[in-house]
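# A structural walkthrough
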Amino acid sequence: MLKLLSSTSSRVHCLTTPTPSLRIKQEPNSVFYALGRLTGLTQRSPKNSFFRACFCSDSSNGSGSGSGSQPAVEVDEKGAESQSGSDSKASSAIVSTYPKPEDYLTVLALPLPHRPLFPGFYMPIYVKDPKLLAALQESRKRQAPYAGAFLLKDEPGTESSTSSETEKSVYDIKGKELFNRLHEVGTLAQISSIQGDQVILIGHRRLRITEMVSEDPLTVKVDHLKRKPYNKDDDVIKATSFEVISTLRDVLKTSSLWRDHVQTYSQHIGDFNFPRLADFGAAISGANKLQCQQVLEELDVHKRLQLTLELVKKEMEISKIQESIAKAIEEKISGEQRRYLLNEQLKAIKKELGLETDDKTALSAKFKERLEPNREKCPPHVLQVIEEELTKLQLLEASSSEFNVTRNYLDWLTVLPWGNYSDENFDVIRAQTILDEDHYGLTDVKERILEFIAVGKLRGTSQGKIICLSGPPGVGKTSIGRSIARALNRKFFRFSVGGLSDVAEIKGHRRTYIGAMPGKMVQCLKNVGTANPLVLIDEIDKLGRGHAGDPASALLELLDPEQNANFLDHYLDVPIDLSKVLFVCTANVVDNIPNPLLDRMEVIAIAGYIADEKMHIARDYLEKTAQETCGVKPEQVEVTDAALLGLIENYCREAGVRNLQKHIEKIYRKIALRLVREGSSNESVISGEVVQSAEAKAEVDETDQHAAANETAAEVESVGNSSHELKSESSVQTSDQPKDPKDATETEKLKETETSKAVEKVSVDASNLADFVGKPVFHAERIYDQTPVGVVMGLAWTAMGGSTLYIETTEVEQGEGKGALHVTGQLGDVMKESAQIAHTLARTILLEKEPANPFFANTKLHLHVPAGATPKDGPSAGCTMITSLLSLAMKMPVRKDLAMTGEVTLTGKILPIGGVKEKTIAARRSEVKTIIFPSANKRDYDELAPNVREGLDVHFVDDYSQIFNLAFDNNTGN
Ligand SMILES: Nc1ncnc2c1ncn2[C@@H]1O[C@H](COP(=O)(O)OP(=O)(O)OP(=O)(O)O)[C@@H](O)[C@H]1O
């Protein structure tokens, strides 16, 4: 195999090289060529016998008759000449006898680039040099058809194996240079035939160049070499030759490449004489040219045999490797083929038995089967598309990408719950129970939801409404959405659109895109399996701004009851009826919801909870869930009201209860750890004692054979016993009857009660609350116990709920005409304007009250609203600012525990504000007793739950003068 490759490559190279002048081309491996030709020549009997003569001159006696025209010649070397007269007879029919080969002492020198020519072998070469070719033809005509064939030495510095360079240059070398490049020892070659530029040489005897006679064509004087005499019966020579023969036979057996060609000769190998055997082995081996040349040059028969043995042994190794490589590859290929064939057969058998249809049919059947239960309810236009796609699927090639697209499309189309609705429950009582079960308080919210359900009951459907729950984080918007779904017996699906900027998320990608997917709504329908789920769209106020397409508009199409009966998803490309879906959205700030969307929504605001509500939520809901999630039994723990109140007031003051929930969970986790720790330490103490008692018993009853076994049993059974008496009793019992199941359960019960007795109840009180949740976080909401001059408490609304905030004003400097106002505290434009209005109005009011006071005209003022890091905006602090400025101007502090809110006009009118509930709750949190609201907000205030309003002194005002009176007139508090 390896040789074949090398010879082929060299042959290709020779043919493609354009060569000037000396054009001698040798077949790289004469043996292969000879052998290849031999098979063909077997049909042409005369030549067949001729080639046989070439290989086996010793035994070619029967073949001579083929070409009688040629005189006999001794083809073997001198040593072989004497061997048999039959050789000469045999050869006499091939080559003319006159003149004899040994008479040729001056010969044309033919360079061989690849391998030397061995005596007895045939080698075709290509002579491209016309001069040399003519000389060869001439010598053939002159009945002197002999030339010398000499291996060409590698150019100095080139590797022997890189033949391309050598070949290229060999044609250009001439005369002296060529003479110097030839190996000294070569072969006398008979020119058997010349056809075109192909010259066929037959090796005869070894020659050595002595001198150069002429340069072009190169002619040399030669000596005919004789091999050293040897003893035919020498055991060592015999043994070596036998080894060569057996190795050659082995090689011929394993090497598939030679087997066919050389098999014929393998039976004659034994007939070769020793020198010929050595030549044969070397010639057919794949050894490199120098190794072959070495064999050629060796005149000692034993040494020559040894060299050949080395070469053929190497050949043997190579053919073994070749065989194993071939075997491995064959095994691999045949294994794969086998598997493929078996699989194909299996498929065919299954198909024949009707067990399995092909992919396409199976897929179509699957889709049809999926569609069947819904076929009646499925809209006709969808059915039509499905049918069309199914037909298309059958026509498509299963391996094509289009097939996959169609398959996925059909998958989505058939999986959707077309016309599959869950039975809606409009039972208001049941709904109320469910809402109360899940949430404390929120009466107004629940009422609105019940109203909505009642309308649904009367109309028979709850469609056409989008509920938007707005409020600070953690007030239960999402969980209320879940409760509504439960109350209405609808499936629940939630997806958040916070930061969503890609319209494709809502409307899907077109099918032409790789990896296209339908939008969220279609995914939702697939997920829930009904066409009328409750879909909670979370964080709708945080919708992203799309760079390609507007997500708000896409949501509008989805939510709008007018449009969503024919909602078109880009991927599905068939209208879907979403009018039965109930959409509930949640938002923290309603103002951030795009107007067209907001317009279609029914906003239900959840303001936040006051301490009292939080207490109830914590007791009745959060504690219970925390107990469950932490695996703590109610009897194992006691969290006092004082502890909960402390938690709410000092740790979780925000509007929602998420933080409270986290803290309660934290407490319960800590309790669980304590229980487990105490339990395990008790167990280890108890089991230690039991072991001791069992050991004592074993000591007493020394004769008892089962003492050791009892000891182990006692150890296992009596874990958890607390009293020593009981322990010894149980150990005695278990020792006597360790396998009685009754006793075992009794002991188990005993063990349980004892264990629970052993573990103490963990109690959480205001005093040890810090052990569970750490030190209270400092909240700076109320920074003054007594408000100083120039400081007034205002009320603000934020996305996190309501909060109190102070407005502080101080003097910067006084001087004639220096009146000015400087504001700080990250105030927005509206608030800055508010401050300007307040400054102007305060000046007017002071002029009215104290006409002689030039305070505002001559004082530079600084108004600040802490905390400075929080951005603030809005007009509702207007009245607070005026009060603060007047307090400073009149050097009068305002009433203690007073907070106010309201926008002020330049004429002193008080305009309504938003977030009354949040602000009231925030005021309560800051222990405010008196609140001033605009009159227009009275309606909002009256709607508040009584517990929120309880204990508050609220004043509603239209004009600032009323505030002035409230803030300064009854100035008794300070
Ligand atoms: N009135 C309530 N009664 C009982 N549990 C409540 C109440 N309000 C809120 N919770 C609980 O508080 C937790 C937080 O509620 P939820 O996640 O619904 O808040 P959210 O308003 O959706 O917040 P966000 O705006 O951050 O999404 C939930 O476990 C919920 O059960």
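Please read these numbers as outputs of a predicted model, since none were measured by experiment.

## Remarks on the overall build of the chain
A count of helical and extended segments in the chain gives 37 helices and 25 strands. Expressed as a percentage of the 974 residues in the chain, the buried residues total 39%. Long-range contacts, defined here as pairs at least 24 residues apart, represent 76% of the contacts in the chain between residues at least 6 apart.

## Some points on the environment of Ile 514
Position of Ile 514 relative to the elements: it lies in the loop between α20 (503–507) and α21 (520–528). Ile 514 gets classed as exposed once you count the C-beta atoms within 10 Å, which come to 7. Taking the C-alpha atoms as reference points, Ile 514 and Val 405, separated by 109 residues in sequence, lie 8.8 Å from one another.

## Re the site of the ligand
The environment of the ligand is formed by 18 residues, the closest being Pro 473, Gly 476, Lys 477, Thr 478 and Ser 479. Sorting the residues of the shell around the ligand by element identifies α19 (477–488), α24 (611–630) and α26 (658–700) as the ones contributing at least two each. With three residues, the top contributor of residues to the shell around the ligand is α19. The class makeup of the residues in the shell around the ligand is seven nonpolar, nine polar and two charged. For the shell around the ligand, the domains that each give at least three residues are domain 4 (428–605) and domain 5 (613–773).

## What to know about unusual backbone geometry
The backbone phi angle of Glu 539 is positive, close to 55°, even though this residue is not glycine. Turning to its location among the elements, Glu 539 is positioned in the loop between β10 (534–538) and α22 (551–559). The exposure class of Glu 539 is partly exposed, given the 19 C-beta atoms found within 10 Å. Here Lys 891, not a glycine, exhibits a phi torsion of approximately 55°, which is positive. Along the chain, Lys 891 turns up in the loop between α33 (878–889) and β21 (898–900).

## Topic: the sheet that holds strand β18 (residues 801–814)
Reading across from one edge, β19-β20-β18-β17-β21-β24-β25 is the order of the seven strands in this open sheet, with mixed pairing throughout. Of all strands in the sheet, those with a lone pairing partner are β19 (820–824) and β25 (953–957), marking the two edges. With strand direction ignored, the average angle separating the axes of adjacent strands in the sheet is 30°. With eight bridges connecting them, strand β17 (residues 791–798) and β18 associate as antiparallel partners.

## With respect to the pairing of strand β5 (residues 182–195)
With six bridges connecting them, strand β4 (residues 146–152) and β5 associate as antiparallel partners. Among the inter-strand pairings, Tyr 146 is bridged to a residue of β5, identified as Gln 190. A loop of two residues connects β5 with strand β6 (residues 198–214), the two strands running antiparallel in sequence, and Gly 196 in this loop sits at a positive phi of about 65°.

## Section: the UniProt feature "active site" (unreviewed entry) in the chain
This chain's UniProt record puts "active site" (unreviewed entry) on Ser 876 and Lys 919. In three dimensions, the annotated residues from a span of 44 residues occupy one location, with a maximal C-alpha spread of 11.2 Å. Relative to the assigned elements, Ser 876 resides in the loop between β20 (859–864) and α33. Judged by the 26 C-beta atoms lying within 10 Å of it, Ser 876 falls in the buried class. Aside from chain neighbours lying at most four places away, what touches Ser 876 is Thr 901, Gly 902, Glu 903 and Ile 913. Here Lys 919 lies in helix α34 (residues 916–925). Those residues in contact with Lys 919 that lie beyond four places of it in its chain are Leu 795, Trp 797, Gly 802 and Thr 901.

## Some details on the environment of Glu 211
Along the polypeptide, Glu 211 turns up in strand β6. A tally of 9 C-beta atoms within 10 Å means that Glu 211 is categorised as exposed. In this structure, the C-alpha to C-alpha distance between Glu 211 and Glu 184, residues 27 residues apart in sequence, is 9.9 Å. Ignoring anything within four residues of it in the chain, the contact list for Glu 211 reads Val 220 and Lys 221.

Conventions adopted
Residues numbered from 1 in each chain as written. Predicted model: local features only at pLDDT ≥ 70, side-chain atom pairs only at ≥ 80, totals over all residues. Helix = DSSP H or I, 4+ residues; strand = E, 2+ residues; numbered from the N terminus. Buried ≥ 20, exposed ≤ 12 C-beta atoms within 10 Å, placed from the backbone. Contact = placed C-beta atoms within 7 Å. Near = placed C-beta within 6 Å. Nonpolar A, V, L, I, M, F, W, Y, C, P; charged D, E, K, R; others polar. Domains from an automatic or database assignment. Pairing = 2+ DSSP bridges. Axes fitted to C-alpha atoms, helices over the stretch in contact; angles between N-to-C directions. UniProt positions renumbered as here; feature names shortened; annotations may be inferred.

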